[in-house]
Amino acid sequence: MASTRVELKALPRFERSYRGLSPALQELAEHEFRQFHGNYQRDQKAEMSRHDQVKLKGWPPVMELELGSGCRFLVACNGSQLVLCDVGTHEVVRRFTRSKPVFGSLTSPPKTFSPGSRSSLFGMASRRNAEVIRNQLSPDWLYELDDAQYDAVRQVREQAETIFGMDGYYASSLVIGGPGTGKTAVVLNLLRSFVVEDKLDVRLVMLPQVVNYVERAGLMKIRALVVSDIQNVSCDVLLVDDPATLHSVNSSFAVAKEGRCKQVVVAFDPLQLIDDIDDEGLDNVRRTNECRIIPLTTCYRQRSVVGHSTRVVVNAISESTPFLASDKKKLWWKRHAKITSFANQFELTNEGGYTNVYDPYHSSDEEDEIARLAAEPLWKHWTPVIVFYDDNVLSEGISLGLRERLKRANIDYLLTPLSKAESVKGTEYQHGVIYLGGRTFDEIQDGFEGSGQPVYRERRRLRIPFSRPKDSLVTFVVR
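Now for a quick tour of the structure.

Parameters and conventions
- Residues numbered from 1 in each chain as written.
- Predicted model: local features only at pLDDT ≥ 70, side-chain atom pairs only at ≥ 80, totals over all residues.
- Heavy atoms only, no water.
- Disulfide = S-S within 2.5 Å.
- Buried < 20%, exposed > 50% of the residue type's maximum accessible area, 1.4 Å probe, protein only.
- Helix = DSSP H or I, 4+ residues; strand = E, 2+ residues; numbered from the N terminus.
- Pairing = 2+ DSSP bridges.
- Core = buried A, V, L, I, M, F, W, Y, C linked by side-chain atoms within 4.5 Å.
- Contact = heavy atoms within 4.5 Å.
- Salt bridge = Lys/Arg side-chain N within 4 Å of Asp/Glu carboxyl O.
- Right-handed = clockwise from strand over helix to strand, strands pointing away.
- 1 Å grid on protein atoms, 1.4 Å probe; cavity = no way out; pocket = protein on both sides within 12 Å on 5 of 7 lines; lining within 4 Å.
- Points joined across faces, edges and corners; volume = space filled by probe spheres on them.
- Nonpolar A, V, L, I, M, F, W, Y, C, P; charged D, E, K, R; others polar.
- Axes fitted to C-alpha atoms, helices over the stretch in contact; angles between N-to-C directions.

**Observations regarding the state of the cysteines**
Stage number 1. Considering all chains together, one arrives at 0 disulfides under this definition.
Stage number 2. In this model C77 remains outside any disulfide bridge; the closest cysteine sulfur is found in C85, 8.9 Å from its own.
Stage number 3. With relative accessibility at 0%, the residue C85 sits in the buried group.

**Observations regarding the pairing of strand β4 (residues 71–78)**
Stage number 1. With 7 of 8 residues buried, β4 lies mostly within the body of the structure.
Stage number 2. Judged from the 6 bridges that link them, strand β3 (residues 62–68) and β4 form a sheet pairing that is antiparallel. When the bridges of β4 are listed, M63 appears paired with V75.
Stage number 3. Counting the residues between successive antiparallel strands, the hairpin from β3 to β4 contains 2 residues, one of them, S69, with a positive phi of roughly 55°.
Stage number 4. Linking two consecutive strands that pair antiparallel, namely β4 and strand β5 (residues 81–88), is a turn of 2 residues; a positive phi of about 65° is found at G79 within it.

**As for the nonpolar core**
Stage number 1. Grouped together as the largest cluster of nonpolar side chains are 83 residues, with contacts concentrated most on F33, F36, F73, L82, L191 and L239.
Stage number 2. A per-element tally of this core places helix α7 (residues 183–197) first, with 9 residues.
Stage number 3. Setting aside its immediate chain neighbours within four residues, F36 contacts E47, H51, M63, L65, V75, C77 and L82.

**Structural notes on the pattern of salt bridges**
Stage number 1. One pass over the full model with this rule turns up 35 salt bridges.
Stage number 2. The salt bridge partner of D359 is R479, with a shortest N-O separation of 2.8 Å. Residue D359 is found in the loop between β13 (354–358) and α14 (363–374), and its partner R479 is found in the segment after β17 (469–478); the two are separated by 120 residues along the sequence.
Stage number 3. Overlapping salt bridges bring together R13, D86, R95 and E144 as one network.

**Some thoughts on the pairing of strand β14 (residues 385–389)**
Stage number 1. Counting buried residues along β14, 5 of its 5 residues qualify, which places the element largely inside the surrounding structure.
Stage number 2. Neither face of β14 is left uncovered, since the one carrying V385, V387 and Y389 and the one carrying I386 and F388 both have all their residues buried.
Stage number 3. Where the polypeptide runs from β14 across helix α15 (residues 400–408) and back to strand β15 (residues 413–417), its parallel neighbour, the crossover connection is right-handed.
Stage number 4. Two elements, β14 and strand β16 (residues 429–437), share 5 bridges in a ladder whose sense is parallel. Note that in β16 the partner of I386 across the bridge is G432.

**Regarding the layout of surface pockets**
Rolled over the atoms, a probe with the dimensions of a water molecule shows which regions are left empty.
Stage number 1. Within this model, the largest pocket holds a volume of roughly 1100 Å³.
Stage number 2. Counting only elements with at least two residues in the lining of the largest pocket, the list comes to α7, α8 (208–218) and β17.
Stage number 3. The element best represented in the lining of the largest pocket is α7, accounting for 4 residues.
Stage number 4. Along the lines of polarity and charge, the residues of the lining of the largest pocket split into 12 nonpolar, 11 polar and 13 charged.

**Considerations on the packing of helix α2 (residues 23–42) against α7**
Stage number 1. Where α2 meets α7, the axes come as close as 9 Å, and the angle between the chain directions of the two elements is 35°. Residue-level inspection shows P23, Q26, E27 and E30 of α2 in contact with α7, the latter providing L188, N189 and R192.
Stage number 2. Each residue belonging to the contact of α2 with α7 can be placed in one class, and the counts come to 2 nonpolar, 2 polar and 3 charged.

Pasting the structure below:
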């Protein structure tokens with residue numbers, strides 16, 4: 001049967017929906033549409049019969065293309081014209097129909113939907129590969145950006161559209177947010193749009209453990225774009241995720257100032273830097289590098305019950321100081337007011353979760369919690385459980401008995417001392433277990449003062465372990 005040429009159009013709303021998808025969901029949407037488009041050109045009636053239909057008054061038939069995990073892509077079939085209407089997670093059909101859309105005022109679709117556009121960061125070169133990836137992909141990677149995350153992507157892309165047509169100009173952006181607010185999600189969304197859609201030369205600075213997580217959990221092939229040393233980097237765009245030091249932040253922006261790239265985006269939690277940064281330090285970064293600050297304020301990583309426990313800890317630490325003298329304490333708080341607000345004021349919107357504190361803990365408590373974890377459906381794409389221990393109290397880590405119980409329950413876990421918390425910075429886990437000494441636990445609940453700078457930095461590092469788990473967090477207090 002001869003193919004019929006089909007014109008592609010889009011509703012104006014589609015641009016927002018599509019650009020607000022996670023990279024994995026964008027890729028699935030493009031692949032599924034290419035399959036639909038090809039089949040529709042060959043036999044419209046047969047292809048339409050394979051999909052559920054949304055019926056709207058005054059509209060041509062609207063097909064629901066399934067993308068996996070309840071996600072849908074809505075395409076209107078108007079004879080020799082296909083119109084991209086909306087795309088998103090399980091709420092997209094209800095969202096679309098309730099908006100009472102009007103068929104008309106059509107625009108051109110994003111370039112990634114043009115015939116022949118097949119660049120991929122996920123390896124979906126064939127239908128078979130796409131089905132394998134769809135089945136392996138964690139549902140956590142199929143999401144929509146919230147308004148703040150989408151706005152961050154939009155601002156950076158608008159900067160790019162301006163400066164790439166102007167010689168001698170560059171753009172710098174600083175994406176700031178607390179734990180789990182989507183900094184890496186913004187970086188990955190920008191990475192895909194710049195590489196796949198704009199065909200730009202992009203380099204990525206990302207912690208090795210995060211690269212491993214992204215490639216295993218999201219199946220996004222990014223390793224070839226990652227650089228560990230930016231001294232000799234020359235590219236169109238440099239994306240930097242979670243730098244360790246203030247020097248790394250400034251060095252990244254220097255790449256653009258030295259004319260070695262046109263755009264730099266740095267995303268970080270200022271209170272996870274190794275060195276201390278106050279409001280004046282942040283303002284110096286902004287002024288010196290002429291960068292735009294883009295805040296993120298919604299935490300999606302942790303369920304609300306778990307996130308509340310994290311918030312208690314990070315707020316108690318921020319309300320503490322290394323000093324005893326009243327004037328020094330007031331000056332400390334004043335100098336860190338803005339930076340603390342950027343890092344600690346986040347909204348928790350992912351309902352549910354489980355937390356428990358055993359103070360003091362007993363081995364029977366461990367048995368109860370292991371039984372709970374064993375009854376849960378655990379991640380397969382990534383280590384589901386992380387166990388932190390306070391190596392100031394437990395020099396040999398958790399007991400051999402606990403290790404044996406975890407092994408018998410067939411629970412895969414990662415054991416990490418608190419002094420090495422940076423080794424898992426940027427990653428996430430389904431469940432978390434933390435063994436804390438009694439004094440440390442009391443300090444992060446009630447606050448502390450006069451600790452001195454080294455101890456304060458050590459306490460501040462606790463925001464990393466407490467913000468890793470998504471679904472549950474158990475704390476065992478060793479007295």
